[in-house]
Amino acid sequence: MAGPGIPFHRSLALTSFAIEGVSELAFLMLNPIHLKTLQTVLRCGSFADAARQLGYTGSAVSQQMSALERQVRLPLFDRDAHGIRATPAARFLAERSRETLGHLRALEDDVALLAEGTVGRLRVGSFPTASERLLPTALSLFRTTHPQVEIHLDEGEQNELSPMLEARELDIALMYLYGLAPARFPRGFRMERILIEDLILLSPVDHPLLGACSTTRIDLLRDETWITTRPQTAGASMLRRICGAAGFEPIIAYRSNNYPTIHGLVAAGLGLAVVPALGHQATPGVSRTRLETDNAFREVMVVRSPSTADGPWRALTQALRQAAEELATSAYGISLPAR
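Residues numbered from 1 in each chain as written. Predicted model: local features only at pLDDT ≥ 70, side-chain atom pairs only at ≥ 80, totals over all residues. Heavy atoms only, no water.

A. Expanded view of the pattern of salt bridges. Inspection of every chain in the model, using the stated rule, returns 12 salt bridges. For Asp 78, the salt bridge identified is with Arg 85, shortest N-O distance 3.9 Å. Here Asp 78 falls in the partly exposed class, since its relative accessible area comes to 37%. Linked through salt bridges whose partners overlap, the residues forming this network are Arg 190, Glu 192 and Arg 321. (Salt bridge = Lys/Arg side-chain N within 4 Å of Asp/Glu carboxyl O. Buried < 20%, exposed > 50% of the residue type's maximum accessible area, 1.4 Å probe, protein only.)

Structure (structure tokens):
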């Protein structure tokens, strides 16, 4: 705990101890490498998985965490034969050090730019369907106007991209928001809407209720078997909410986070599915139908870290808008937000 008059961020660097009855202050310089390793361990759930991600050995990760525990004089993990469990102190330290590590990464970038004399680099995050259908065109457009900017791309799901933005491991990320499944975005981060996807009902071509329909109401499908994404995903939550608003709980038999797999299951007659337009591609044996349901959409937006420079942000946002305009003219269920 910080003492009276000492802010917590200073109490991380100061600890009091007594030697022969004399109270003194000693500086505790926490190793940022150890703090980064701590965050990775908490994100991965084990020393072994964190070691693989960081390129260390499991023993090196364990030694770093032991050294950090000695420095802060607090247990950070409960260890037993089955693995490790983070203590509240570990989670608190990881959370409070996140912004500091982000500033250190930004400083490293600035030093590299000064030493190399390059324009810079842009670390971009994206979710899979945007990476496939939106980002290639946008990055190609961006490179024509900014050939000396080095692009680093990280792909992940929404729950992976958000903490990477907060930790300043990404400068810009493409993220999404379902109309009926609220999402948490980092506070203080700037967002720009890029496109809007319809939610599309997929059914076998010979489905007795949907074969010739261009639109339908989901309440007519309460007795159907459903295919959706894995539990705890925004897509699965969206399906539950849409069905719940229509007065029923969907009967879910199959789950996959791979949209081609979902299309294949639908084509095989194993159930119905609702997917966002970026996740839909024409597939033999699969019919598509628009839903007559409020909030049956997903918005795609670009999110900026506060430390990202204005120039690259504006240029990439413009390139994404151009790519979205091209996509909206050719792809089913894609539209542009009002400007």
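Past the structure itself, the notes keep going.
B. Geometry of the environment of Asp 294. Tracing the backbone shows Asp 294 in the loop between β13 (286–291) and β14 (297–304). With 114 residues separating them in the primary sequence, Asp 294 and Leu 180 have C-alpha atoms 8.8 Å apart. (Helix = DSSP H or I, 4+ residues; strand = E, 2+ residues; numbered from the N terminus.)

C. Geometry of unusual backbone geometry. With a phi angle near 60°, Arg 168 is a residue other than glycine that sits in the positive phi range. Positionally, Arg 168 belongs in the loop between α8 (158–166) and β7 (172–178). One non-glycine residue with positive phi stands out, namely Gln 232, at about 75°. Mapped onto the secondary structure, Gln 232 falls in the loop between β10 (225–228) and α9 (234–245). Here Gln 232 falls in the exposed class, since its relative accessible area comes to 78%.

D. Inspection of the side chain of Ser 131 at higher detail. Within the secondary structure, Ser 131 sits in helix α6 (residues 128–133). The class for Ser 131 is buried, based on a relative accessible area of 13%. Side-chain polar atoms of Ser 131 contact the side chain of Glu 155, separated by 2.9 Å. With residues near it in sequence (within four places) discarded, Ser 131 still touches Ser 126, Pro 136 and Glu 155. (Polar contact = N/O pair within 3.5 Å; in protein donor to acceptor, adjacent residues only side chain to side chain. Contact = heavy atoms within 4.5 Å.)

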